[in-house]
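Structure assessment
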Amino acid sequence: MPTAPVIRSDVPGSFAWGVFHERHPKLVQQVLDALPYGPAERTAVERLLVESTTDVLEPLGEDAPDAAQWLEWGADLWGRPWGEAPFLWAESYFYRRLLDAIGYFRPGAWQGIDPFAPFKNAELAGAAVDDELAALDDLDGLPEARRAQALLSSALWGNRADLSFRITAGADGQTASDLVADDSTTFWTQLERVRGGRICVVADNAGRELLPDLVLIDHLLTRGLATQVVLYVKPQPYYVSDATTADVLASVERLHTAAVGGRLWRAMTDGALVVRTHPFFCAPLPFHDMPADLRTEFTGAAMTILKGDLNYRRLVGDRLHPPTTPFTETTGHFPTPVAALRTLKSDVIVGLDAETTTRLDNSETAWRTNGRHAVIQVAAHQ
């Protein structure tokens, strides 16, 4: 089979084009409104926006701490229009350059300040989280299978359908028809089969979406499905709401009003829950190209759970695969059995059956990108 074409952002009207020409301008304005950056930072951010839509790719300055690494990653791209770079690469570089523009890495007042923290903090402090925390008290009253499925579904959908909804909804819930690939039975069967091993979780978003991830992790530990969970987060702010170690700590603190918060705190102190990061989690490359040291870290895990759209793109390749391409065909490179919990927010999709693909194509023009649909997909290969 010919290799599926790499997605680029130089096709007007495409989803990738819209990210650079419609989403990023709104994001930039939100960032500049959220914190009182000075004239130098604001000018640099606005210059980046113009460059990324009308100009060519320029490398980082020589004083950037990761300049050499990015020079290598972009060896064939410097001096070419942004739209000619792979979409995954260009989008990742945009967020790296945004941090450069606001002074995140430079000595000064803005060094180390997360430009997305106001958005994350507001969501975590919201009333909806209070409702979710209250709903945690009802978890232990559920039958075991129902409890497990409610937690998995809540982690999948994030803030679209929260934990309180999942606990009170029927067995299928309102969004069951939007789950276009469902390997949840395989997910639990695989974990039971390897009960008591190490499970890796690669996080996606902070805020309200990280909370159900942590509650699911607590379930894996307390039910003996894992003796240790390693939670991987980003080493720096990335893609607006991606989770960092600071976001994990804030979420565990937010959960402290419920028993699960105390259990997670103790799990971290005794090593049952370990938070790790690696520079590659902010790289513009697919997981197929992960470095040897990170591959070694994953190797031997009973399962790796990848959360969210970006991790899915990196797992299967940010390409226009035929939707019926088997999930296992695109994930054989990963060093462990892998599960993807992902709502569809970009063009990439694999692992659908032909009937589902036809139904979606005939009923919705933007089903791949509007966030209304989701997949739970599992590849149990070693």
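Further up the page is the structure itself.
Keep in mind that this is a model prediction, so the values were computed, not measured. (Residues numbered from 1 in each chain as written. Predicted model: local features only at pLDDT ≥ 70, side-chain atom pairs only at ≥ 80, totals over all residues. Heavy atoms only, no water.)

For the chain, the count of helices and strands is 16 helices and 7 strands. By the compact-globule yardstick of 21 Å for 382 residues, the chain fits well, its C-alpha radius of gyration being 21 Å. Projected onto its principal axes, the C-alpha coordinates of the chain cover approximately 60 × 50 × 40 Å. Within the chain, the fraction of its 382 residues that count as buried is 56%. Relative to all contacts within the chain whose residues are 6 or more apart in sequence, the contacts with residues 24 or more apart total 75%. For the chain, the accessible surface area stands at approximately 15700 Å², while carbon and sulfur atoms represent 53% of it. Charged side chains in the chain number 34 positive and 50 negative. The centres of these two groups are separated by 2 Å. (Helix = DSSP H or I, 4+ residues; strand = E, 2+ residues; numbered from the N terminus. Rg over C-alpha atoms; globule rule 2.2 N^0.38 Å. Buried < 20%, exposed > 50% of the residue type's maximum accessible area, 1.4 Å probe, protein only. Contact = heavy atoms within 4.5 Å. Areas by Shrake-Rupley, 256 points an atom, 1.4 Å probe, with all protein chains shown as cover. Lys, Arg positive; Asp, Glu negative; His and termini not counted. Charge placed at Lys NZ, Arg CZ, Asp CG, Glu CD.)

This structure, assessed with the given rule, holds 26 aromatic pairs. With 5.2 Å between their ring centres and 40° between their planes, Trp 89 and Tyr 93 make a pair best called tilted. Taken as a pair, Trp 89 and Tyr 93 lie in helix α4 (residues 87–101) at a separation of 4 residues, close to a single helical turn. With respect to burial, Trp 89 and Tyr 93 carry one shared label: buried. For the cation-ring pair, Arg 314 lies above Phe 280, with the distance from its terminal atom to the ring centre recorded as 4.7 Å. Taking NZ or CZ as reference, Arg 314 lies 4.8 Å from the ring centre of Phe 287, over its face. (Phe/Tyr/Trp six-rings, centres within 6.5 Å; stacked < 30°, edge-to-face > 60°. Lys NZ or Arg CZ within 6 Å of the ring centre and 35° of its normal.)

To continue, consider the environment of Tyr 93. On the basis of relative accessibility, which here comes to 0%, the residue Tyr 93 falls in the buried class. Apart from residues no more than four positions distant in its own chain, Tyr 93 is found in contact with Leu 57, Glu 58, Pro 59, Leu 60, Trp 70, Trp 78 and Trp 82.

Across the interface, α4 lies against helix α14 (residues 308–316) with an axial gap of 11 Å and an inter-helix angle of 135°. On the basis of their axis angle, the class for α4 and α14 is oblique. Two packed elements cross with a definite hand, and for α4 against α14 that hand is left-handed. In this structure, α4 contributes Phe 87, Leu 88 and Glu 91 to the contact, and α14 contributes Leu 310, Arg 313 and Arg 314. Among the residues forming the contact of α4 with α14, the class breakdown is 3 nonpolar, no polar and 3 charged. (Axes fitted to C-alpha atoms, helices over the stretch in contact; angles between N-to-C directions. Parallel < 35°, antiparallel > 145°, perpendicular 65-115°, else oblique. Left-handed = near helix turned anticlockwise from the far one by under 90°. Nonpolar A, V, L, I, M, F, W, Y, C, P; charged D, E, K, R; others polar.)

Glancing now at the pairing of strand β5 (residues 303–307). In terms of residue burial, β5 counts as a mostly covered element, since 5 of its 5 residues are buried. In the sheet, strand β2 (residues 197–202) pairs with β5 via 4 bridges, with the strands oriented parallel. Residue pairing in the sheet places Ile 199 in a bridge with Met 303 of β5. The pairing of β5 with strand β6 (residues 338–343) spans 4 bridges and is classified as parallel. Bridge assignment links Lys 307 to a residue of β6, and that residue is Leu 341. (Pairing = 2+ DSSP bridges.)

Once that is clear, we can look at the layout of surface pockets. In this structure, the largest pocket encloses a volume near 700 Å³. Surrounding the largest pocket, 33 residues form its lining, Arg 23, Asn 205, Tyr 239, Ser 241 and Lys 345 being those nearest its centre. For the lining of the largest pocket, the secondary structure elements donating two or more residues are α1 (15–34), α4, α7 (144–157), α14 and β6. Considering every element that reaches the lining of the largest pocket, the biggest residue donor is α1, with 5 residues. A class-by-class count of the residues in the lining of the largest pocket yields 12 nonpolar, 11 polar and 10 charged. (1 Å grid on protein atoms, 1.4 Å probe; cavity = no way out; pocket = protein on both sides within 12 Å on 5 of 7 lines; lining within 4 Å. Points joined across faces, edges and corners; volume = space filled by probe spheres on them.)

Turning our eyes to something else, we now look at the packing of helix α11 (residues 245–254) against helix α12 (residues 259–270). Viewed as axis vectors pointing N to C, α11 and α12 meet at an angle of 140°, and their least axial separation amounts to 8 Å. Accordingly, the angle class assigned to the pair α11 and α12 is oblique. Taking contact as the criterion, the partners of Leu 249, Val 252 and Glu 253 in α11 are, on α12, Gly 261, Leu 264, Trp 265 and Met 268. Across the contact of α11 with α12, the residue classes tally to 5 nonpolar, 1 polar and 1 charged.

Counting buried positions along strand β7 (residues 374–379) gives 6 out of 6 residues, so the element sits mostly inside the fold. Burial along β7 is two-sided: Ala 374, Ile 376 and Val 378 and Val 375, Gln 377 and Ala 379, pointing in opposite directions, are all buried. By the bridge criterion, 3 bridges tie strand β1 (residues 179–182) to β7 in an arrangement that is parallel. Looking at β7, one finds that Asp 182 is bridged to Ile 376. Pairing geometry for β6 and β7, over 6 bridges, is antiparallel. In the sheet register, Arg 342 faces β7, and the bridge partner there is Val 375.

Bringing the environment of Thr 331 into the picture now. Relative to the helices and strands, Thr 331 is located in helix α15 (residues 327–331). Taking C-alpha positions, Thr 331 is 33 Å from Val 56, a pair spaced 275 residues apart along the chain. One polar contact links the side chain of Thr 331 to the main-chain carbonyl oxygen of Phe 327, over a distance of 3.0 Å. (Polar contact = N/O pair within 3.5 Å; in protein donor to acceptor, adjacent residues only side chain to side chain.)

Strand-to-strand pairing in sheets goes through backbone hydrogen bonds, with the strands running parallel or antiparallel. The 7 strands lie next to each other as β1-β7-β6-β5-β2-β3-β4, forming an open sheet whose pairing is mixed. Sheet topology places β1 and β4 (273–277) at the edges, where each strand pairs with a single neighbour. The sheet shows a mean angle of 15° between the axes of neighbouring strands, direction not considered.

With that out of the way, let us pick up α4. Because each turn of an α-helix spans 3.6 residues, side chains separated by three or four positions in sequence point in the same direction. With 15 residues, α4 should cover 21 Å at 1.5 Å per step; its first-to-last C-alpha distance of 21 Å lies within 8% of that length. Just beyond α4, the residue with positive phi is Gly 103, at close to 80°. (Expected span 1.5 Å × (residues − 1).)

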